[in-house]
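Here is how the chains run, residue by residue.
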Amino acid sequence: VAWSEPIPLDSIKAVGRAAGATVNDVLLAAVAGGLRRYLQQRGTSVDEVIWMVPVNLKPFEDNLPPDLGNYFALVFVPMPLDTAGTEDRLAQMHHRMQRIKNSDEAVLTFGLQRLVSQSPSQVAFFLTNFFANKAVGVLTNVPGPKAPMTFAGAPVHQLVGFAPCSGNQPMTTTIFSYNGGVTVGFASDAGLVPDPDVLAALVVDDLVAMGVELE
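Residues numbered from 1 in each chain as written. Predicted model: local features only at pLDDT ≥ 70, side-chain atom pairs only at ≥ 80, totals over all residues. Heavy atoms only, no water.

### What about the overall build of the chain?
Basically, it comes down to this: Secondary structure is summarised from DSSP: a helix means a run of H or I of at least four residues, a strand means a run of E of at least two, and numbering begins at the N terminus for each. A simple rule labels every residue: compare its accessible area, found with a 1.4 Å probe on the protein chains alone, to the largest value its type can have, and call it buried under 20%, exposed over 50%, or partly exposed in between. Whether two residues are in contact is decided by their heavy atoms, any of which lying within 4.5 Å being enough. Each accessible area is a Shrake-Rupley estimate made with a 1.4 Å probe; only the visible protein chains count as cover when residues are assessed.
On a plain count of helices and strands, the chain comes out with six helices and nine strands. Expressed as a percentage of the 215 residues in the chain, the buried residues total 40%. A separation threshold of at least 6 residues defines the contact pool for the chain, and within that pool the share at least 24 residues apart is 71%. In the structure as shown, the chain presents an accessible area of about 11,700 Å², 59% of it carried by carbon and sulfur atoms.

Spelled out as structure tokens, the structure:
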């Protein structure tokens, strides 16, 4: 596992506004740029990778007590790795996420997930792996507490989270915001991606190339 230092959220928002994109679009485009450079450093390249991305189906406030939890669907998102320019890559990522948001894909996937969960255990296991193995892993963007927190009286500098894997997925990416900062973390198969710290650094480099200021 590896993760970045907190990246200023306000600066990411400014880059997104200037491009007509969301914070999530900017961060996903940076992950794409980091993966592209990571593969190039190892003498290989692919046109795209497929991630499973959670899409929330209810406003966040609707998930608060008395009904804890949320309603989300894991949808397949193709991430472009064949685009060299940061502006073009961000535009592509924005377009792909908008297509998903404006479609019924998330609702249909949620229904399929519920059907799988209610299936006999062996059937559910087979179906879960069948769909999971069509993606490189789970990529999630989690909004955390906006105000500083303490733990046993000590101030909390950073929060890091990691998404679960299913099937033979080799890695997960978790983007977690807390107290005005964003952390990008990777959990990877040590045999396939033995240096996730390099990947995390390359994602930060791509954010800087897009205009994000780290200080």
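Don't stop here, the text continues.
### Details of the layout of surface pockets
Our working definition: Cavity means a closed set of points on a 1 Å grid over the protein atoms alone, one where a 1.4 Å probe fits but cannot get out, pocket means an open set with protein on both sides within 12 Å along at least 5 of 7 lines, and lining means a residue has an atom within 4 Å of a point. Grid points are joined across faces, edges and corners, and a volume is the space filled by probe spheres set on the points. Polarity classes work like this: nonpolar for Ala, Val, Leu, Ile, Met, Phe, Trp, Tyr, Cys and Pro, charged for Asp, Glu, Lys and Arg, and polar for all others, with Gly in that last group.
Approximately 190 Å³ is the volume attributed to the second largest pocket. Leu35, Tyr38, Leu39, Val49, Trp51, Leu81, Val136, Pro170, Met171, Leu192, Val193 and Leu199 together form the lining of the second largest pocket. If you list the elements that add at least two residues to the lining of the second largest pocket, you get α2 (23–41) and β3 (48–56). Per-element accounting of the lining of the second largest pocket gives the leading share, three residues, to α2. Grouping the amino acids of the lining of the second largest pocket by side-chain chemistry returns twelve nonpolar, no polar and no charged.

### Overview of the side chain of Thr174
Which entries qualify depends on this criterion: Identification of polar contacts relies on pairs of N or O atoms within 3.5 Å, with a donor-acceptor requirement for protein atoms, meaning one able to donate a hydrogen and the other able to accept it, and with residues adjacent in sequence counted only if both atoms are side-chain atoms.
Relative to the helices and strands, Thr174 resides in strand β8 (residues 171–178). You can call Thr174 buried: its relative accessible area is 5%. Polar contacts involving the side chain of Thr174 include one to the main-chain carbonyl oxygen of Gly161, which spans 3.4 Å. Among residues more than four places away in sequence, those in contact with Thr174 are Thr140, Gly161, Phe162, Ala163, Thr183, Val184 and Gly185.

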